[in-house]
Amino acid sequence: MIQLKHISKHYPVGFGKNAVLDDIDLTIHAGEFVSIMGPSGSGKSTLLHILGLLEEPSGGEYLFEGEPVHKMSEKKRTQLHRGSIGFVFQAYHLIDELTVYENIETPLLYKNVPSSERKSRVADVLDRFNIVAKKDLFPNQLSGGQQQLVGIARAIVAEPRVIFADEPTGNLHSDQARVIMQLFKHLNETDKITIVQVTHSEQNAAFGHRVIEIRDGKIR
Amino acid sequence: MFRNYLKIAWRNLWKSRLLTAVNILGLAVAFTASILLVLTAAREFSFDQFHDHKQQLQQLYISVHHVQGTEERSNLPMPLTPALKQEFPEVKAASRFMDASGMVRYRDKMYGSDVMGVDPDFLRMFSFPLLSGEKQQPLRSLSNVVITERMARKIFGSAEPVGQSLEMYLEGRWKTFIVSAVAEDVPDNSSLEFDMLCRFEHVPAYADQKDAWNSSTHEVFVQLSDQATAAAFERRAKTFVNKYFAEGIRNLQRDGAVPGKDGALIGLHLMPLTDIHFNSISSSGGAISRFYPYMLLLIGIFILFIACVNFMNLTIAGAFSRSREIGMRKILGAFRGQVIMQLWGEAVLVCGLALLAGMAMAYFLLPGYNALFSNRLSLNLLRQPWLLPGLFLVFVLVTLVAGGYPALMIARLNTIKVLKGSLLTGRSNRVRNVLIVTQFVISSLLICCTLIAWQQLNYLRKKPLGYSKEQVISIPVPYNVDAELALTRMRNQLSGHAGILAVTGTDINMGRGRDGSSATSIVSFDYKGREVRSHWLRVDYDYVGAMGLQLVAGRDFSRAYGTDSSALLINEKMAAQLGGMEAALGALLPVEDSAHPQQVIGIVKDFNFKSLKEEIGPLTLNINKEWPLQYIFVKVAAGNLPGYMNLVKQQWQALYPGSSTDPSFLDENTDRQYRREQRFSGIFISAAVLAIIISCMGLFAISVLIMTRRTREVGVRKVLGASVAGIVTLLSKDFVKLVLLSVMIASPVAWYIMEQWLQHYAYRIPVNIGVFLLAGAIALLVAVITVSIQSVRAALMNPVKSIRTE
C-alpha cells in the first residue's frame, strides 16, 4: 500500500543543510498496524508527515497505493485526504468553535456526502464510541481522553483506508491511553484500516504488528 | 456546508466580540459617511441631467478680448436671439431667460414670486412638464403666464389656477395676466429656477433695448438640431459676430486688443447645459468647481479605505488564532479555494452587517446632515442609474480588499507549521505597519487640509475690507416700494434717534443678503481714444461717511452742489486707469454719451466691494436717480447692535405696514459670500475627525491584540525590574514611530494640495510650517492616548498572574 524508496528530507540551515531523514526505504502493506519509534528529533514525525502527504520529501520516491505521490496535483492530494487518509494528533486539533457532532461531520461535508447519510454515519460513530451524550458539547468542555476519542471518530467517519496517528496518547494518562490503543487495534482488526502511529511507548507499540525503529534519520 | 461556515463565522465573531465590534462599527460609520458624501457629490453631478434634450441643449456665451484681459460672460444683447434663429438653421429652438418681476398680486394680496421672461420655445426645449391647461403653446399670447404647482397652491389655494387672472408688478406698474398652464415644480437640481414664466417681451427695458446690440442683460439657451455640433456652430458664428458686433470689434482693434487663440476679438461660444452648474461664466450656473464633488468622492473613498485597513489588520492579527482551524480543515480535505471562500464569506458577512447598519444610519442622519451643511439631499438621488450598481461594486470591492487579502494569506500558510505552533508572524507585521502608515497619512492629510482651509476662511472673515461692515444695516427694498421715497422717509424717521449715524442707499448690496442675491454692474465707455471699463455703483448722499470709506482726493457727494447728480466718485484703481490721480480728478467721463460727460469729483481709497476671491477692480460711484436704489444702508453706533436692528425694523414696519423686508448687518452678508467654503470646510472637518477616529479604533484593537500576545514578556520584564513608564514606552514606541512617519509623508502632499486650492483666492494666507506641526501633534497625541490605554493596562498588571497564564 505504501512504498518509500530512498526518501530523504533536509532543511536549509545557514549555508549548509540539516538532514532529518536519510535514504529511507519502507513498505507498509494494507491491513498492517505499524508503530514508528525513536528518540525525539530522530525524524519520526517528519516521516509520518511525509507518509500523510503533509510534507514533501527532498528526494526519493513515494508510491501511495501504487501511485507516485510526487507527481500528484494539489487537488489529487486533497482528494486523498478526503477519502483515503485519516489523521489523529497528539494535541487532538479539534475545531474549537464546533461542537463534537459538527467536528465529526466536517470531513463528510468536504466529501459532499448527502445530508441524510451524513446524519446516520455521524450517529453510528457517536454510538460506537459511546459519546452520544456529548455530541452537543464543545471540545473545551471535554477531558483529554474524550477529545482524542472525538479526534479518532473524526478520522474514521469518512472511512479512510489508512490512519496516521502522531503520538495519539502523548497527552493522556495510561488508562485513557490503553482505551485509545485498544480502539486502534479494534479498528485495524475489524474494519481492516491500516494504521501507522508514532509513539514513545513500548506498551503502545506492542498493540501493533511491527515496529520501525528510527534513529538519526535512518531506519535501524 | 454553508450552514457550517455560517455557524463557525458567527461563533468566531462572538468569541472576539471587541474586534468584531470595532470592525462592524468602524465599517458602518465609514459606509454612512461615504453614502452621505456620495449623495452630496451625486447631487452636484445630477444638476440639469433631467432634460430629455440635454445632449442638444447649450448655453450661449460671449468672449471679448479687451486690452485689460479676456472677459467671458453669458449676458447677451436682446436682438441676438431673433437674429440667431434667422441665420442658423441648425438652431432648432432658442430662448432668452431673464428676471421679469419679483412681485405678483391676486385679489389685493401680494406674493413674492420669481417671474422669468422667456421665449415661447422655452417649454419645448426644457423638460419642465405641464400638468394642466394649454399644453401646446402656453405662452402664445403676450398676456399668458405659466405657473408652477407650488406657486399656484400658494396663490390660489385649492382653486383651479388655469384661467385665473393675476397682476404682476412690471417697471413700476401692475399689469394683468392670465394663467394658461400649470407646470410641475422645478426640480431642486435644476440650474434654471422659476415660480412663473411670462413672455420675454415683459422684461424691464425691453422696449428700449430690443434692438440694442451694446447692452447685455440676459442669458440665452439654444437647442441644436440632432446632427449639429457645437464646434461647427462656433465656426459659423464668426461671420455672424463680424456682422453684428462690428462696432465693438472696431473699438477693440483701435485700443490694440490682442485676439484670442481662434484669432477673433469677440467670439460666440456654446457650453453644454449639463456643464453650467460647474461653470462660473454662466450666470445661472452654480460656479461650483468640479474639484469639490470629486474631492468629496475621494474623501469618501479614503474613509472607507481606512475602515478596510482596520478590517484587514484585525483579520490578519486574528488569523493567528484561526490558523489552527484552517490547517485542520486542509488536512480534513478542504481545497484552498474552499478555505478562501469560507474566510471571504466571513468578511462578506461582517461587511454586510456593517453596510446595513451604515445604510440605516445614513437614512436617519440625512435630515440632520442636510440641516448641518445646508444641503438638500434626498434618497431620490439613489434612483440615478449608476449609483446603486456602483454601491454594490464598492461593497464587493471592500469585501475583496478587506477580507480577500487576509483570506489568501491565511490559506497560504503552511499546514504543518501551523499545527506545530511555529508560525512566523514577521512578514505580516510589515504589511500591518504599511497599512497603519497609510491610514495615518490619510488622516494627517485631512487634518492638515482642514486646518489650512479653516485658517483661510478665518482670514477671509477677519480681513479688513476697507469699509465698516459691523455697524451697517442693509435693508433690501421690496419691488413694489418706491426706493427713493423710502430712503427719504427712512432718513426722516430715523434722524431723531440716538445711535443712528447715517442713512444712505445703493443698488448693489455688499456681500450676499438674506435673499442670497448679489449683482455686478459694469460700464464701459471710450475715454481719450481708449476703452475704459469700471464697476458701476449707484449710491446716495452720505454713502462715503456711512461706509467709512476714505477720501484720498477731492470731495464727497454733497447736497450743497446742485449738479452732483451727474458727478462721479471713483476708486484708486479707476484713477490709475484714467492716468493717475491728478489726471483723474476733475476728468469729464462720457459714461452715457459724449454730449453729457460726468465729472470726477473725488477719489476714494480702494476697498473690497467684491468677495476676497477677486482683486479689487476699478469702481465708479454715482448718485444718478436713473439707476434705481435697491438697498437702504443705515450706519448705527457701536454697542447695542440688536437694539438698533429692532429699531430699524420697527420704523420700516411703521412706514410700510404689511410689507416684509429682511434687513441684515453687512458683516453677515460678507460671511455669507463664503457659505460654500464654510459648507465644504464643515464636511472636511467632519471627515478628518471621522478618519482619525476610525484609524484610532483600528490602532486600539491592534494594540489590544499585541498586548495580549506580549503579556508574558511584560510580566518577565517587570519581574526583572522594569518600571511602568519604561514598559509603556517600550510598548508604545513602535506605533509612535509609525505615526510620525505618516505625518512626514502627509505634510508635503497637503502643502501641495492646499497651495493649489489657495490659488482660487486673490487674498490668501501663506501656508506655514506650524500647521503641519500642529497636525502632527494632533495625530500623535490621539494615537499615543489610544495605544497608552492598552500599554498602561499591560504594564500595571500583576506579573505573577501574567506569567502564570501560559
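Because the structure is a prediction, the values reported are computed rather than measured.

1. Brief notes about the overall build of chain A
Counting secondary structure elements, chain A contains seven helices and ten strands. Taking 220 residues into account, the globule formula puts the C-alpha radius of gyration at 17 Å, and chain A, at 18 Å, falls close to it. By principal-axis analysis of the C-alpha atoms, chain A measures approximately 55 × 40 × 35 Å. Buried residues in chain A amount to 55% of all 220 residues. Taking all contacts inside chain A whose residues are at least 6 apart in sequence as the whole, residues at least 24 apart take part in 73%. For chain A, the computed accessible surface area is about 9800 Å², with 48% contributed by carbon and sulfur atoms. Of note, chain A has its 25 positive side-chain charges centred 3 Å away from the centre of its 27 negative side-chain charges.

2. Overview of the side chain of Gln439(B)
Residues and elements named next belong to chain B. Considering the arrangement of structural elements, one finds glutamine 439 in helix H13 (residues 426-462). We classify glutamine 439 as buried; its relative accessible area is 2%. At 2.9 Å, the side chain of glutamine 439 forms a polar contact with the backbone oxygen of isoleucine 306.

3. Side note on the pairing of strand S15 (residues 522-527) of chain B
Residues and elements named next belong to chain B. Burial along S15 is one-sided: the residues Val523, Phe525 and Tyr527 are buried and none of Ile522, Ser524 and Asp526 is. Pairing of S15 with strand S16 (residues 530-538) involves six bridges; the strand directions are antiparallel. In the sheet register, serine 524 faces S16, and the bridge partner there is arginine 533. Connecting S15 to the antiparallel partner S16 that follows it, the hairpin turn spans two residues, and lysine 528 within it adopts a positive phi of roughly 50 degrees.

4. Structural notes on the sheet that holds strand S23 (residues 664-665) of chain B
Residue and element names in this part refer to chain B. The four strands are arranged S14-S22-S13-S23 in an open sheet whose pairing can be described as antiparallel. Edge positions in the open sheet fall to strand S14 (500-506) and S23, since each of these has one partner strand only. Relative to strand S22 (residues 631-636), strand S13 (residues 472-476) runs antiparallel, the two being bridged by five bridges. Note that in S22 the partner of proline 476 across the bridge is tyrosine 631. Packing of helix H14 (residues 483-495) onto the sheet brings it into contact with S13, S14 and S22, and relative to S14 it is tilted by some 180 degrees. Packing of helix H18 (residues 641-655) onto the sheet brings it into contact with S13, S14, S22 and S23, and relative to S13 it is tilted by some 30 degrees.

5. Some details on the UniProt feature "domain: ABC3 transporter permease C-terminal" (unreviewed entry) in chain B
Under the UniProt annotation, the feature "domain: ABC3 transporter permease C-terminal" (unreviewed entry) is placed at residues 298-414 and 686-798 of chain B. Structurally, residues 686-798 of chain B is divided into 85% helix and 0% strand, and its ends, taken at the C-alpha atoms, are 41 Å apart.

6. A word on the interface of chain A and chain B
In this complex, chain A contributes 24 residues to the contact, which on the side of chain B involves 23 residues. With both sides pooled, the region where chain A packs onto chain B buries about 2400 Å², and carbon together with sulfur makes up 61% of that total. Contact with chain B buries surface across chain A, with His93(A), Glu97(A) and Tyr110(A) losing the most and accounting together for 31% of the total. At the boundary of chain A and chain B, one finds one salt bridge. Across the contact surface, chain A and chain B share five residue pairs in polar contact (both at pLDDT 80 or more). Listing elements by their share of the side of chain A that touches chain B, those giving two or more residues are helix H2 (74-83), strand S6 (85-89) and helix H3 (100-110) of chain A. Classifying every residue of the side of chain A that touches chain B by side-chain character gives ten nonpolar, seven polar and seven charged.

7. Notes on empty space enclosed by the protein
Residues and elements named next belong to chain B. As enumerated under the stated definition, the model contains four cavities of 30 Å³ or more in all. Size it by volume and the largest cavity reaches roughly 130 Å³. Lining the largest cavity are 13 residues; nearest its centre among them are Tyr292, Ala453, Phe684, Met754 and Trp757. Of all elements in the fold, only helix H9 (291-331), H13, helix H20 (675-709) and helix H22 (724-758) reach the threshold of two or more residues within the lining of the largest cavity. A total of four residues in the lining of the largest cavity trace back to one element, the largest contributor, which is H20. Here the residues of the lining of the largest cavity are counted per class, giving eleven nonpolar, one polar and one charged. A domain-level breakdown of the lining of the largest cavity finds at least three residues from each of domain 1 (1-47 + 286-424) and domain 3 (439-463 + 673-806).

8. Points about the nonpolar core
Counting 120 residues, the largest nonpolar core has Met510(B), Tyr543(B), Met547(B) and Leu621(B) as its most contacted members. Apart from residues lying up to four places away in sequence, Leu621(B) is in contact with Leu537(B), Val539(B), Tyr543(B), Phe557(B), Ala567(B), Leu568(B), Leu569(B) and Val604(B). Membership of the second largest hydrophobic core comes to 36 residues, among which are Ile28(A), Leu54(A), Met72(A) and Ile212(A).

9. So, the environment of Glu167(B)
Residue and element names in this part refer to chain B. Topologically, glutamate 167 is positioned in strand S8 (residues 165-170). Distance in space between the C-alpha atoms of glutamate 167 and arginine 107 is 8.9 Å, their sequence separation being 60 residues. With residues near it in sequence (within four places) discarded, glutamate 167 still touches Met103, Val104, Arg105, Trp174, Lys175 and Thr176.

10. Thoughts on the sheet that holds strand S3 (residues 33-37) of chain A
Residue and element names in this part refer to chain A. If you trace the six strands from one edge of the open sheet to the other, you get S6-S7-S8-S3-S9-S10, paired in mixed fashion. The strands lining the two open edges of the sheet, one partner per strand, are S6 and strand S10 (218-219). Of the pairings in the sheet, the one linking strand S9 (residues 210-215) to S10 comprises two bridges and is antiparallel in character. Counterpart to isoleucine 214 in the pairing with S10 is isoleucine 219.

11. Looking at H3(A)
Residues and elements named next belong to chain A. Burial analysis of H3 places eleven of its eleven residues in the buried class, which makes it a mostly covered element. Within H3, burial applies to Val100, Tyr101, Glu102, Asn103, Ile104, Glu105, Thr106, Pro107, Leu108, Leu109 and Tyr110. Asparagine 112, located one to two residues past H3, shows a positive phi value of around 60 degrees.

12. Comments concerning the pattern of salt bridges
Counting across every chain of the model gives 39 salt bridges over all chains. A salt bridge links Glu189(A) to Lys185(A), with the nearest nitrogen and oxygen atoms 3.4 Å apart. Here the residue Glu189(A) and the residue Lys185(A) both occupy positions in helix H6 (residues 174-190), the gap between them amounting to four residues, near one helical turn. Judged by its relative accessible area of 42%, Glu189(A) is partly exposed. The salt bridge partner of Arg43(B) is Asp188(B), with a shortest N-O separation of 2.8 Å.

13. What about the domain arrangement of chain B?
Residue and element names in this part refer to chain B. In terms of domain boundaries, chain B breaks down into domain 1 (1-47 + 286-424), domain 2 (57-278), domain 3 (439-463 + 673-806) and domain 4 (478-660). Placing the centre of domain 1 and that of domain 2 at their C-alpha centroids yields a distance of 49 Å. On the side of domain 2, eight residues touch domain 1, which itself brings twelve residues to the contact. In total, domain 1 and domain 2 occlude about 990 Å² of area from one another, counting both sides; carbon and sulfur atoms represent 47% of this. Between domain 1 and domain 2 we count two salt bridges in total.

14. Concerning the UniProt feature "domain: MacB-like periplasmic core" (unreviewed entry) in chain B
Per the UniProt record, the feature "domain: MacB-like periplasmic core" (unreviewed entry) sits at residues 20-238 of chain B. Spanning residues 20-238 of chain B, this segment combines 27% helix with 37% strand, and its end C-alpha atoms are found 67 Å apart.

15. Some details on a nonpolar patch on the surface
All names here are of chain B. Taken together, the side chains of Trp454, Ile685, Val689 and Ile693 make up a nonpolar region of the molecular surface, amounting to roughly 360 Å² of accessible area. Among the elements that make up the nonpolar patch, the one with the highest residue count is H20 (three residues). By secondary structure assignment, the location of tryptophan 454 is in helix H13. Its relative accessible area of 48% is what places tryptophan 454 among the partly exposed residues.

16. Describing the environment of Thr315(B)
All names here are of chain B. Within the secondary structure layout, threonine 315 lies in helix H9. According to the relative accessible area criterion, threonine 315 is partly exposed, its value standing at 24%. C-alpha of threonine 315 to C-alpha of alanine 407: the two residues are 92 residues apart in sequence and 8.4 Å apart in space. When sequence neighbours within four positions are dropped, the list of residues in contact with threonine 315 reads Ala402, Pro406 and Ile410.

17. Some words on the packing of aromatic side chains
Residue and element names in this part refer to chain B. Scanning the entire structure with this criterion turns up 31 aromatic pairs over all chains. For the pair tryptophan 536 and tryptophan 627, a centre-to-centre distance of 5.7 Å together with 65 degrees between the ring planes defines the contact as edge-to-face. Residue tryptophan 536 is found in strand S16, and its partner tryptophan 627 is found in the loop between strand S21 (619-622) and S22; the two are separated by 91 residues along the sequence. Accessibility expressed as a relative area gives 1% for tryptophan 536, which makes it buried. Grouping aromatic residues by their ring pairs yields a cluster made of Phe50, Phe97, Phe122, Phe126, Phe128, Phe194 and Phe221.

Cut-offs used in this document
- Residues numbered from 1 in each chain as written.
- Chains lettered and ligands numbered in written order.
- Predicted model: local features only at pLDDT ≥ 70, side-chain atom pairs only at ≥ 80, totals over all residues.
- Heavy atoms only, no water.
- Helix = DSSP H or I, 4+ residues; strand = E, 2+ residues; numbered from the N terminus.
- Rg over C-alpha atoms; globule rule 2.2 N^0.38 Å.
- Buried < 20%, exposed > 50% of the residue type's maximum accessible area, 1.4 Å probe, protein only.
- Contact = heavy atoms within 4.5 Å.
- Areas by Shrake-Rupley, 256 points an atom, 1.4 Å probe, with all protein chains shown as cover.
- Lys, Arg positive; Asp, Glu negative; His and termini not counted.
- Charge placed at Lys NZ, Arg CZ, Asp CG, Glu CD.
- Polar contact = N/O pair within 3.5 Å; in protein donor to acceptor, adjacent residues only side chain to side chain.
- Pairing = 2+ DSSP bridges.
- Axes fitted to C-alpha atoms, helices over the stretch in contact; angles between N-to-C directions.
- UniProt positions renumbered as here; feature names shortened; annotations may be inferred.
- Buried area = accessible area lost by both parts, 1.4 Å probe.
- Salt bridge = Lys/Arg side-chain N within 4 Å of Asp/Glu carboxyl O.
- Nonpolar A, V, L, I, M, F, W, Y, C, P; charged D, E, K, R; others polar.
- 1 Å grid on protein atoms, 1.4 Å probe; cavity = no way out; pocket = protein on both sides within 12 Å on 5 of 7 lines; lining within 4 Å.
- Points joined across faces, edges and corners; volume = space filled by probe spheres on them.
- Domains from an automatic or database assignment.
- Core = buried A, V, L, I, M, F, W, Y, C linked by side-chain atoms within 4.5 Å.
- Patch = residues over 30% accessible without salt bridge, like charges linked within 9 Å, V, L, I, M, F, W, Y side chains within 5 Å.
- Phe/Tyr/Trp six-rings, centres within 6.5 Å; stacked < 30°, edge-to-face > 60°.

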